[in-house]
Amino acid sequence: MNIGKEKLNNYAFIDFHNLYFAIKSLGWHIDYLRFRKYLAEKYGVVKAYIFLGFVEENQQLYNKLQSCGFVLIFKPVLIDLSHKIKGNCDAELVLQAMIDLQEYSQAVIITGDGDFYCLVKYLEAKNKLSLVLSPSDKNCSSLLRRMAKKKIAMISDLRNKLEYKKRTS
């Protein structure tokens, strides 16, 4: 049976750190409102989680992401000896995907990080994987490529659709 996008009940699980820094390394930024609309229209995403470390100074960004329709899941951050902020949210993303497993039809996993290999493998085995949306070829783990096979796409290929452009008044 062919179900239209409007009938899908897919969830997106977004590794924000991986997405943000990989796209930034390519020299551009994502328009998050366009990105949220793209996920809904292209993949039937009704709920899109973003996992990230909480840094008080980034409250304006968090407000913007929420206003675009994302659900933010925070992890407290630690600052290491070199003053680098650490807020790895891999476990939180995997846990939420498992908690919500019966709530969604399929998952869109947005990362290039090979640490999500086991999640992608599990979701694929349960017919719960829509696709892996990696920031770019350059930032995509070979483990994810191997596991996702044909269910993988690159955000870098969508630059013309998703790039943030300053609005002129």
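Provided above is the structure to which this section pertains.
An account of the accompanying structure is given in this report. Computed from a predicted structure; not experimentally measured.

**Focus on the layout of surface pockets**
Considered as a void within the structure, the largest pocket measures approximately 600 Å³ in volume. For the lining of the largest pocket, the elements supplying multiple residues, two or more each, are α1 (16-25), β2 (45-54), α3 (59-67) and β5 (85-86). For the lining of the largest pocket, the element with the highest residue contribution is α1, accounting for 5 residues. In terms of residue class, the lining of the largest pocket is made up of 11 nonpolar, 6 polar and 5 charged. There is about 270 Å³ of room inside the second largest pocket. When residues of the lining of the second largest pocket are traced back to their parent elements, those giving at least two are α1, α2 (32-43) and α3. Residue composition of the lining of the second largest pocket, by class: 7 nonpolar, 1 polar and 3 charged.

**Side note on the side chain of Ser 130**
Relative to the assigned elements, Ser 130 resides in strand β7 (residues 129-134). When neighbours within four sequence positions are excluded, Ser 130 is seen to be in contact with Asn 10, Tyr 43, Gln 106, Ala 107, Val 108 and Lys 151.

**Some words on the packing of aromatic side chains**
Enumeration according to the criterion identifies 15 aromatic pairs in this entry. Considering the side-chain rings of Tyr 11 and Tyr 49, the 6.2 Å spacing of their centres and the 65 degrees angle between planes classify their relative orientation as edge-to-face. Of this pair, Tyr 11 sits in strand β1 (residues 10-15) while Tyr 49 sits in strand β2, placing them 38 residues apart in sequence. Of the two residues examined, Tyr 11 and Tyr 49, each falls in the buried class. Between Phe 54 and Tyr 62 the ring centres are 5.4 Å apart and the planes differ by 35 degrees, which places this aromatic pair in the tilted class. Given the relative accessible area of 1%, Tyr 62 is considered buried. An aromatic cluster is built from Phe 16, Tyr 20, Phe 21, Tyr 32, Phe 35 and Phe 70, whose rings are joined through pairwise contacts. One residue, Lys 128, lies across the ring of Tyr 104, its end atom 5.1 Å from the ring centre.

The rules we used
- Residues numbered from 1 in each chain as written.
- Predicted model: local features only at pLDDT ≥ 70, side-chain atom pairs only at ≥ 80, totals over all residues.
- Heavy atoms only, no water.
- 1 Å grid on protein atoms, 1.4 Å probe; cavity = no way out; pocket = protein on both sides within 12 Å on 5 of 7 lines; lining within 4 Å.
- Points joined across faces, edges and corners; volume = space filled by probe spheres on them.
- Helix = DSSP H or I, 4+ residues; strand = E, 2+ residues; numbered from the N terminus.
- Nonpolar A, V, L, I, M, F, W, Y, C, P; charged D, E, K, R; others polar.
- Contact = heavy atoms within 4.5 Å.
- Phe/Tyr/Trp six-rings, centres within 6.5 Å; stacked < 30°, edge-to-face > 60°.
- Buried < 20%, exposed > 50% of the residue type's maximum accessible area, 1.4 Å probe, protein only.
- Lys NZ or Arg CZ within 6 Å of the ring centre and 35° of its normal.

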